[in-house]
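Residues per chain, in single letters:
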Amino acid sequence: MPDTRLVGLAAWAAGLRPRNRLILCALIGALAGLGQAPWGLWPLTVAALAMLFAIFTAAPTWRRAGFLGWAAGTGYFMLSLNWIVEPFLVDVARHGWMAPFALFGLSAGLALFWAAGFALARAAGGGALAWIAALLLSEAARTYLFTGFPWAQTGHALIDTAWLHWASWGGSLMLTAIVLAAAAALWRAATGPRPAALVALALIAALHGAGAALTPAAQPTPDAPIVRLIQPNAAQHLKWHPDHTRTFFERQIAFTSAPPDGQGAPTPAARPDLIVWPETAIPVLLERAGPAFDAISAAAGGAPVVLGLQRTDELRYFNSLVMLDASGQVVALYDKHHLVPFGEYIPFGDFFARFGITAFSAQAGNGYSSGPGAQVIGLGDLGLALPLICYEGVFPQDVRAAPARPDMLLLITNDAWFGTRSGPYQHLAQARLRSVEQGLPMIRVANTGVSAMIDAAGRVTASIPLGQAGWRDAPLPPPLPPTIYARTGDSPSIGGALLLLALSFLRNRSPARSDSD
């Protein structure tokens with residue numbers, strides 16, 4: 001039997017004045033954001049999306065649906081991306097006033113993808129399948145268009161559940177499809193005798209049950225290499241301060257030379273086989289880092305060290321990662337290629353430089369320049385690693401762009417920019433997702449946390465908590481065979497969504513159309 005209270009709730013929402021209906025959608029969208037880390041309330045995400053689906057079905061036109069989607073998306077992103085204000089609070093006297101404008105501007109801009117999804121779904125007939133397919137395509141567009149920003153996809157709410165393991169088949173978009181399908185089916189099942197909706201919910205529940213068994217355990221072997229994670233805990237407002245840079249450097253030196261912690265090493269006397277420092281770990285440029293490298297290699301006691309720093313090439317600056325051998329010589333170099341718009345560079349800055357506006361030009365030394373692209377580096381007996389610097393760990397396409405399959409992912413980051421509430425935990429969650437998608441372990445080292453060793457099934461096997469200075473010796477988990485997603489990427493999910501949307505359009509044009517989906 002249908003729940004008449006829910007039907008009445010949907011009718012009440014549909015009868016609100018347009019402005020009040022937009023406010024309601026924004027509030028429900030914010031509720032959906034509580035599925036993201038660190039809250040992890042995924043049932044609220046599903047329930048909130050179910051309510052949005054109900055309000056969407058009552059929209060009379062694609063324009064009205066688009067406005068509803070925009071309002072819901074704005075609320076969703078303002079809650080889930082609230083950490084975006086943190087960089088403006090590092091120097092609050094100068095930049096603090098910009099924080100609310102940045103949060104609203106980013107949220108309202110990203111909400112345009114939701115608006116397009118809602119409008120497209122309404123134009124395709126407004127059925128459940130059209131809504132799922134259109135919103136899935138909007139999230140895919142957010143991943144790839146305009147340099148991409150797939151942070152806080154609705155499917156990320158499932159990272160702490162057994163559904164996570166289905167990302168090895170279809171990536172984050174498959175998780176998003178599960179969430180959207182669960183929301184639409186939940187509303188259909190609650191408001192009418194819909195056998196198809198009940199079957200859909202049963203299948204989604206079965207996917208959860210099978211998820212844990214989908215990805216085999218990837219436990220380290222007794223002779224697994226030991227990796228030391230170094231976390232200096234440098235607050236962003238102090239990181240480059242002349243009175244503190246020496247303190248942070250010496251702290252990392254002390255952690256590097258410390259005896260084994262005994263927590264991850266197979267024997268108490270085992271020294272690490274690799275030591276990893278975070279992004280921009282030292283306050284000098286690569287060209288002037290010789291004395292620092294000598295001190296680091298001496299502290300490492302013969303172990304190779306990977307660390308982040310900046311380098312220059314004429315007027316161009318790069319955010320880079322290097323590997324030092326036992327003698328302190330650079331044996332591998334990687335330049336970050338997927339930069340943060342407006343944070344590390346200004347879009348189209350080099351284009352404007354042609355007209356004499358050089359203030360935004362990376363080529364003229366204003367902002368970072370992009371490296372040549374994804375690459376793998378050799379870590380000796382540990383195997384091949386795909387280096388990622390901070391923001392690059394958000395993008396599944398950056399990981400799949402590796403010229404050869406690595407044995408591990410190696411992410412260094414400075415999460416001090418993200419504050420201490422939600423940003424670092426969401427960044428860590430996405431790192432776990434990347435490991436599951438590829439079936440690869442990840443070495444993740446952050447300036448302020450959370451530093452972690454992640455196995456190929458997305459489990460954190462060792463970590464240093466947020467806001468703590470310290471180090472941790474952790475065995476490197478083995479890789480798994482290439483996953484389905486590693487071979488196919490997002491193409492099947494996008495292709496399936498396009499097919500569903502096309503069928504919805506055709507069905508909507510058919511005289512015999514029904515609303516049974």
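Residues numbered from 1 in each chain as written. Predicted model: local features only at pLDDT ≥ 70, side-chain atom pairs only at ≥ 80, totals over all residues. Heavy atoms only, no water.

Visitor: What should I look at first to understand the layout of surface pockets in this one?
Guide: Empty pockets left among the atoms are what a rolling probe the size of a water molecule brings to light. Its boundaries defined by the atoms lining it, the largest pocket holds a volume of some 1600 Å³. Surrounding the largest pocket, 42 residues form its lining, Val340, Pro341, Phe342, Gly343 and Glu344 being those nearest its centre. Taken together, the elements giving at least two residues each to the lining of the largest pocket come down to α5 (86–89) and α7 (99–123). A class-by-class count of the residues in the lining of the largest pocket yields 26 nonpolar, 12 polar and 4 charged. Taken as a whole, the second largest pocket encloses approximately 520 Å³ of empty space. What lines the second largest pocket is a set of 25 residues, among which Leu129, Ile132, Ala177, Ala181 and Ala200 lie closest to the centre. Sorting the residues of the lining of the second largest pocket by element identifies α8 (128–144), α9 (167–191), α10 (195–214) and α18 (491–509) as the ones contributing at least two each. Sorting elements by how many residues they give to the lining of the second largest pocket places α9 first, with 7 residues. (1 Å grid on protein atoms, 1.4 Å probe; cavity = no way out; pocket = protein on both sides within 12 Å on 5 of 7 lines; lining within 4 Å. Points joined across faces, edges and corners; volume = space filled by probe spheres on them. Helix = DSSP H or I, 4+ residues; strand = E, 2+ residues; numbered from the N terminus. Nonpolar A, V, L, I, M, F, W, Y, C, P; charged D, E, K, R; others polar.)

Visitor: Mind showing me how you'd approach helix α16 (residues 423–438) here?
Guide: Residues separated by three or four positions in an α-helix point in the same direction, a consequence of the helix having 3.6 residues per turn. Its 16 residues give α16 an end-to-end C-alpha distance of 23 Å, which sits within 8% of 22 Å, the value for a rise of 1.5 Å per residue. Counted residue by residue, α16 has 15 buried out of 16 residues, so it is predominantly covered. (Expected span 1.5 Å × (residues − 1). Buried < 20%, exposed > 50% of the residue type's maximum accessible area, 1.4 Å probe, protein only.)

Visitor: When you look at the environment of Ala108 in this model, what are you seeing that I'm missing?
Guide: Looking at where Ala108 falls in the secondary structure, it is placed in helix α7. Measuring from C-alpha to C-alpha, the distance between Ala108 and Arg64 comes to 17 Å, with 44 residues separating the pair along the chain. Apart from the residues lying within four places of it in its own chain, the contact partners of Ala108 are Trp70 and Thr74. (Contact = heavy atoms within 4.5 Å.)

Visitor: Explanation requested: the sheet that holds strand β12 (residues 470–475) in the structure shown.
Guide: Picture the strands of a sheet paired through backbone hydrogen bonds; they go either parallel or antiparallel. A sheet is described by the order of its strands in space; here 6 strands give the open sequence β5-β4-β3-β2-β1-β12, paired in mixed fashion. Looking at which strands have only one partner, the edges of the open sheet turn out to be β5 (330–335) and β12. Neighbour-to-neighbour, the strand axes of this sheet turn through a mean angle of 30°, independent of strand direction. Of the strand pairs in this sheet, strand β3 (residues 305–313) and strand β4 (residues 316–324) are connected by 9 bridges, and their pairing is antiparallel. Bridge pairing links Val305 to Leu324 in β4. In this fold helix α12 (residues 245–257) packs onto β1 (226–231), β2 (274–276) and β12, with an angle of close to 160° to the strand it touches most, β1. (Pairing = 2+ DSSP bridges. Axes fitted to C-alpha atoms, helices over the stretch in contact; angles between N-to-C directions.)

Visitor: Help me out: how do you make sense of a nonpolar patch on the surface in this one?
Guide: The grouping of Leu129, Leu499, Leu500, Leu503 and Leu506 at the surface amounts to a nonpolar patch, some 460 Å² of accessible area in total. The element that contributes the greatest number of residues to the nonpolar patch is α18, accounting for 4 residues. Within the element layout of this structure, Leu129 appears in helix α8. When its relative accessible area of 39% is taken as the criterion, Leu129 is described as partly exposed. (Patch = residues over 30% accessible without salt bridge, like charges linked within 9 Å, V, L, I, M, F, W, Y side chains within 5 Å. Areas by Shrake-Rupley, 256 points an atom, 1.4 Å probe, with all protein chains shown as cover. Salt bridge = Lys/Arg side-chain N within 4 Å of Asp/Glu carboxyl O.)

Visitor: What exactly am I supposed to notice about the environment of Gly211 here?
Guide: Tracing the chain through its elements places Gly211 in helix α10. Accessibility expressed as a relative area gives 0% for Gly211, which makes it buried. Sequence separation between Gly211 and Leu198 is 13 residues; the distance between their C-alpha atoms is 20 Å. For Gly211, the residues in contact, after removing those within four places along its chain, are Ala162, His165 and Trp166.

Visitor: Would you explain the packing of α8 against α18 in this entry?
Guide: Describing two packed helices takes the angle between their axes plus the distance from one axis to the other. Between α8 and α18, the shortest axis-to-axis distance is 8 Å and the interhelical angle comes to 140°. One element, α8, and the other, α18, form an angle in the oblique class. Pair α8 / α18 crosses with left-handed handedness. Every residue of α18 that contacts α8 at Leu129, Ala130, Ala133, Ala134, Leu136, Leu137, Ala140 and Tyr144 is listed here: Ser493, Ile494, Ala497, Leu498, Leu500, Leu501 and Ser504. Of the residues belonging to the contact of α8 with α18, the class tally is 13 nonpolar, 2 polar and no charged. (Parallel < 35°, antiparallel > 145°, perpendicular 65-115°, else oblique. Left-handed = near helix turned anticlockwise from the far one by under 90°.)

Visitor: Can you walk me through helix α3 (residues 42–57) in this structure?
Guide: Taking 1.5 Å of rise per residue, 16 residues should cover 22 Å, and α3 covers 23 Å from first to last C-alpha, within 8% of that figure. Within α3 the residues assigned to the buried category are Thr45, Val46, Ala48, Leu49, Ala50, Leu52, Phe53, Ala54, Ile55 and Phe56.

Visitor: Where do I start with the sheet that holds strand β10 (residues 451–454) in this structure?
Guide: Taken in spatial order, the 6 strands of this open sheet run β6-β7-β8-β9-β10-β11, and their pairing is mixed. This sheet does not close on itself; its edge strands, each paired only once, are β6 (377–378) and β11 (460–464). Bridging between strand β9 (residues 442–446) and β10 involves 3 bridges; their strand directions are antiparallel. Counterpart to Met442 in the pairing with β10 is Ile454. Contacts from α16 reach β8 (408–413), β9, β10 and β11 within the one sheet, and its direction differs from that of β9 by about 165°.

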